[in-house]
Amino acid sequence: GEEMKVKKLISGAAGIAGCIAGGMAAAAAVNKAFARQEERHLTPPGKIVEVNGHKMHVYGEGARTKVTCVFLSGGGTIAPVYDFRPLYRRLSPYYRCVVVEKAGYGYSEISAKSRRLDVMLEETRRALILAGERGPYVLLPHSMSGLEAIYWAQKYPQEIKAIIGLDMAFPEAYEKAEDAGKGIGLLRLAAMLGLHRLPLFSLAADDGLTEEEYAQAKLLAKRNFMNRCIAAETDIVYENAALVGKSG
């Protein structure tokens, strides 16, 4: 009768749900296996330093001058050392150019530490010192890292000579808080399942890079796409923007 039909429907739905869950678990396991294998092929061109319990990558080139140019990447940039390379290669004959890769970016370790602005700033400052870089600094922030640059100038004005924005963000851009949680959650799920590995995704650009550099950028794209550091930083950006506003 009707009761039997309902039971069959429920049983069928449970079976489908079980298959989906099993498929997702298998995809996640394969993605992790690929990630472990790819990690062995990463070759950081700069210095690896340990800050706040995790490793950070700092790359510098060019003669040491009175001022050091520090490049700060926008939110979710998978490989800042390669993303900025076409620009700092033009500047490094004249200035000391340094790229600091935050936790979860480029070759830096994916960390569970807070992505509050004050925490990230202290990690950046410490990483520069441990890598042997010295100020005063000219900051070149892209997009979201404009918040870090402004906060840095507010808190340690003696360390900052100037800020040159590369389409940088200001706190006013985040005055109207929006719930990005659903979007971040879907991207995180795609990353965990390894969907970003599909050929239709192109997460790395080869502009101004050698074949070897492009190969490294592609490996970093697979490793870093919407990892927990990037997701956490995106999720807390409105709080970080408010912190800059209060400090001003």
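Residues numbered from 1 in each chain as written. Predicted model: local features only at pLDDT ≥ 70, side-chain atom pairs only at ≥ 80, totals over all residues. Heavy atoms only, no water.

Caption draft 1: Examining the overall build of the protein more closely. Along its length, the protein carries 9 helices and 7 strands. Taking all 248 residues of the protein together, the buried fraction comes to 42%. Taking as baseline every contact in the protein between residues at least 6 positions apart, the subset at least 24 positions apart corresponds to 78%. In the form shown here, the protein has an accessible surface area of approximately 13,300 Å², with 58% of it arising from carbon and sulfur atoms. (Helix = DSSP H or I, 4+ residues; strand = E, 2+ residues; numbered from the N terminus. Buried < 20%, exposed > 50% of the residue type's maximum accessible area, 1.4 Å probe, protein only. Contact = heavy atoms within 4.5 Å. Areas by Shrake-Rupley, 256 points an atom, 1.4 Å probe, with all protein chains shown as cover.)

Caption draft 2: Geometry of the packing of aromatic side chains. Evaluated as defined, the whole model comprises 6 aromatic pairs. Between Phe71 and Phe84 the ring centres are 5.1 Å apart and the planes differ by 50 degrees, which places this aromatic pair in the tilted class. One end of the pair, Phe71, is in strand β3 (residues 68–72); the other, Phe84, is in the loop between α2 (80–83) and α3 (85–91), with 13 residues separating them in the sequence. With respect to class, Phe71 is no different from Phe84; both count as buried. Taking NZ or CZ as reference, Arg125 lies 3.6 Å from the ring centre of Tyr156, over its face. (Phe/Tyr/Trp six-rings, centres within 6.5 Å; stacked < 30°, edge-to-face > 60°. Lys NZ or Arg CZ within 6 Å of the ring centre and 35° of its normal.)

Caption draft 3: Looking closely at the nonpolar core. One finds Leu128 and Trp152 to be the most contacted residues of the largest nonpolar core, which totals 31 residues. Elements supplying a minimum of two residues to this core: β1 (47–51), β2 (54–61), β3, β4 (96–101), α4 (117–130), β5 (137–143), α5 (146–155) and α9 (237–247). Sequence-distant contacts of Leu128, that is, excluding residues within four places in its chain, are made with Val58, Val70, Val98, Val100, Glu133, Arg134, Tyr137 and Trp152. Core analysis: the second largest hydrophobic core is formed by 22 residues, Phe71, Phe84, Ala204 and Ala217 among them. (Core = buried A, V, L, I, M, F, W, Y, C linked by side-chain atoms within 4.5 Å.)

Caption draft 4: Here's a closer look at the pattern of salt bridges. Tallied over the full model, the rule gives 11 salt bridges. Between Arg89 and Glu61 there is a salt bridge; the shortest N-O distance is 3.1 Å. Taken as a pair, Arg89 in helix α3 and Glu61 in strand β2 lie far apart in primary sequence, 28 residues in all. Residue Arg89 is classed as partly exposed on the basis of its relative accessible area of 38%. (Salt bridge = Lys/Arg side-chain N within 4 Å of Asp/Glu carboxyl O.)

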